[in-house]
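The primary structure of each chain is shown beneath.
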There are 2 protein chains.
Amino acid sequence: MAPTAATRATIKVLPVPDDLPEPLPEPAVEDIRLEAVMGALSDPLRMGIVRKLLLESERFDHPCGWFGLDRPKSSLTHHFKALREAGVTRQRQYGLERRSHVRVDDLDARFPGLLALVADWTPPQAS
Amino acid sequence: MAPTAATRATIKVLPVPDDLPEPLPEPAVEDIRLEAVMGALSDPLRMGIVRKLLLESERFDHPCGWFGLDRPKSSLTHHFKALREAGVTRQRQYGLERRSHVRVDDLDARFPGLLALVADWTPPQAS
DNA sequence: TCCTATGTACGAGTTCAATCGTACTACATG
DNA sequence: CATGTAGTACGATTGAACTCGTACATAGGA
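Residues numbered from 1 in each chain as written. Chains lettered and ligands numbered in written order. Predicted model: local features only at pLDDT ≥ 70, side-chain atom pairs only at ≥ 80, totals over all residues. Heavy atoms only, no water.

1. Points about the protein's contact with DNA strand C
Right, so step 1: Taken together, 18 residues sit near DNA strand C, with R46, H78 and H79 of chain A together with K73 and T77 of chain B positioned nearest.
Right, so step 2: Side-chain polar atom of H79 of chain A to a phosphate oxygen of DNA strand C: 2.6 Å apart, as the coordinates give it.
Right, so step 3: Of all the elements in the fold, those that place two or more residues in the surface near DNA strand C are α4 (73-86) of chain A together with α4 (73-86) and β3 (97-102) of chain B.
Right, so step 4: Per-element accounting of the surface near DNA strand C gives the leading share, four residues, to α4 of chain A.
Right, so step 5: Among the residues making up the surface near DNA strand C, the classes are represented as five nonpolar, seven polar and six charged. (Near = heavy atom within 4 Å. Polar contact = N/O pair within 3.5 Å; in protein donor to acceptor, adjacent residues only side chain to side chain. Helix = DSSP H or I, 4+ residues; strand = E, 2+ residues; numbered from the N terminus. Nonpolar A, V, L, I, M, F, W, Y, C, P; charged D, E, K, R; others polar.)

Here is the structure:
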């Protein structure tokens, strides 16, 4: 259904600005370490975050509320920071929100095939 | 060339027995979890062990002395056990020695491309 | 049989990561 | 300005993993 003025307020379509905010601190492509990436992905919650970004995100970044994770906010901050510092995701500040996306090009260049494994991953104890 | 009696003593070619010893406890192929494998490989020492097995081992298993790791024996026991319990390696007991090899077929079946990443890995602060 | 070599088992100390509560900052909206 | 919202910062707690010393078990050779 077409969004009315009322629904548009709740859907909150924030257009991507032309001048992107600077990414938060992250390793350069050539400094991304395979063992650090694997350490970041060894946590099921973080593996699920990256997989969801790969499978469901379109061309936009996503704030961490988008993931629907039932954890306290400070825990999510911790995990998103771990992913960013390992070089798996990039985070940019859009006003209030800090949005994340996977560094697909960088990871494909350094570790071809790795993201395909993440996309094929199945969460544990899936009913 | 065929081993003589003299070379057999020094080179210590232990022929693989027809009745292989039972592997030590390990997860079944279908129970190997990607996040557990990545957790095992997130340690540089263990990543190096698997890489060395992939690049330098021929068709034989290797005891952990073969790796030339400068760590106490009990530390090595810990790391080889971590690799085995994650499903990365298989260990068999040959007399005194407990030899390891990578579960290449199992890992290729579950996570195609993963072992290629390990083989291409470069150790940190390589001079 | 004694010695050596390979490797485990156990336990202690230490470090690190995960979890989460609380307080705080910043923007947006009324 | 007051309120709500998105998220960080800090600190405390907990548990797991890494590291290693020591003691122990076993096989093979002198």
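Still more ground to cover, so stick around.
2. Details of the interface of chain B and chain A
Right, so step 1: Listed as interface residues are 18 residues of chain B and, on the opposing side, 18 residues of chain A.
Right, so step 2: Buried area between chain B and chain A, summed over both chains or domains, comes out near 1,400 Å², and the portion from carbon and sulfur atoms is 74%.
Right, so step 3: For the chain B face of the interface with chain A, the top three residues by lost area are E35, M38 and L117 of chain B, together amounting to 43%.
Right, so step 4: In this structure, the connection of chain B to chain A is made through four residue pairs in polar contact (both at pLDDT 80 or more).
Right, so step 5: If you list the elements that add at least two residues to the side of chain B that touches chain A, you get α2 (34-41), α3 (44-56) and α6 (114-119) of chain B.
Right, so step 6: Per-element accounting of the side of chain B that touches chain A gives the leading share, five residues, to α2 of chain B. (Contact = heavy atoms within 4.5 Å. Buried area = accessible area lost by both parts, 1.4 Å probe.)

3. Side note on α4 of chain B
All names here are of chain B.
Right, so step 1: Between the first and last C-alpha of α4 there are 20 Å, a value that for 14 residues agrees with the 20 Å anticipated at 1.5 Å per step.
Right, so step 2: The set of residues buried in α4 consists of L76, H79, F80, L83, R84 and A86.
Right, so step 3: Those residues of α4 that are buried lie in contact with α2, α3, β2 (89-94) and β3.
Right, so step 4: One or two positions beyond α4, positive phi appears at G87, with a value near 90°. (Expected span 1.5 Å × (residues − 1). Buried < 20%, exposed > 50% of the residue type's maximum accessible area, 1.4 Å probe, protein only.)

4. A few points about the packing of aromatic side chains
All names here are of chain A.
Right, so step 1: All chains considered together, the criterion is met by one aromatic pair over all chains.
Right, so step 2: Taking the centre distance of 5.2 Å and the plane angle of 55° together, the rings of F67 and F80 count as tilted. Linking F67 in the loop between β1 (62-63) and α4 with F80 in helix α4, this pair joins segments that are 13 residues apart in sequence.
Right, so step 3: What makes F80 buried here is its relative accessible area of 3%. (Phe/Tyr/Trp six-rings, centres within 6.5 Å; stacked < 30°, edge-to-face > 60°.)

5. Details of the relation of the copies chain B and chain A
One copy of the chain maps onto the other through a rotation about an axis followed by a shift along the same axis.
Right, so step 1: Its rotation angle being 180°, the transformation that places chain B on chain A also includes 0.0 Å of axial translation and leaves an RMSD of 0.0 Å. The operation mapping one copy onto its partner corresponds to a two-fold rotation axis. Distance from the rotation axis, computed per C-alpha, reaches its smallest value in chain B at M38 of chain B: 2.4 Å.
Right, so step 2: Comparing contact sets, 100% of the residues at the interface of chain B also lie at the interface in chain A, consistent with an isologous, same-surface contact. (Least-squares fit on C-alpha atoms with pLDDT ≥ 70 in both.)

6. Quick word on the confidence of the model for chain A
Right, so step 1: The predicted model of chain A has a mean per-residue pLDDT of 80, with 76% of residues at 70 or higher.
Right, so step 2: Within the model, the stretch residues 1-18 of chain A combines pLDDT values under 50 with seven contacts to residues more than four positions away or in other chains. (pLDDT = per-residue confidence, 0-100.)

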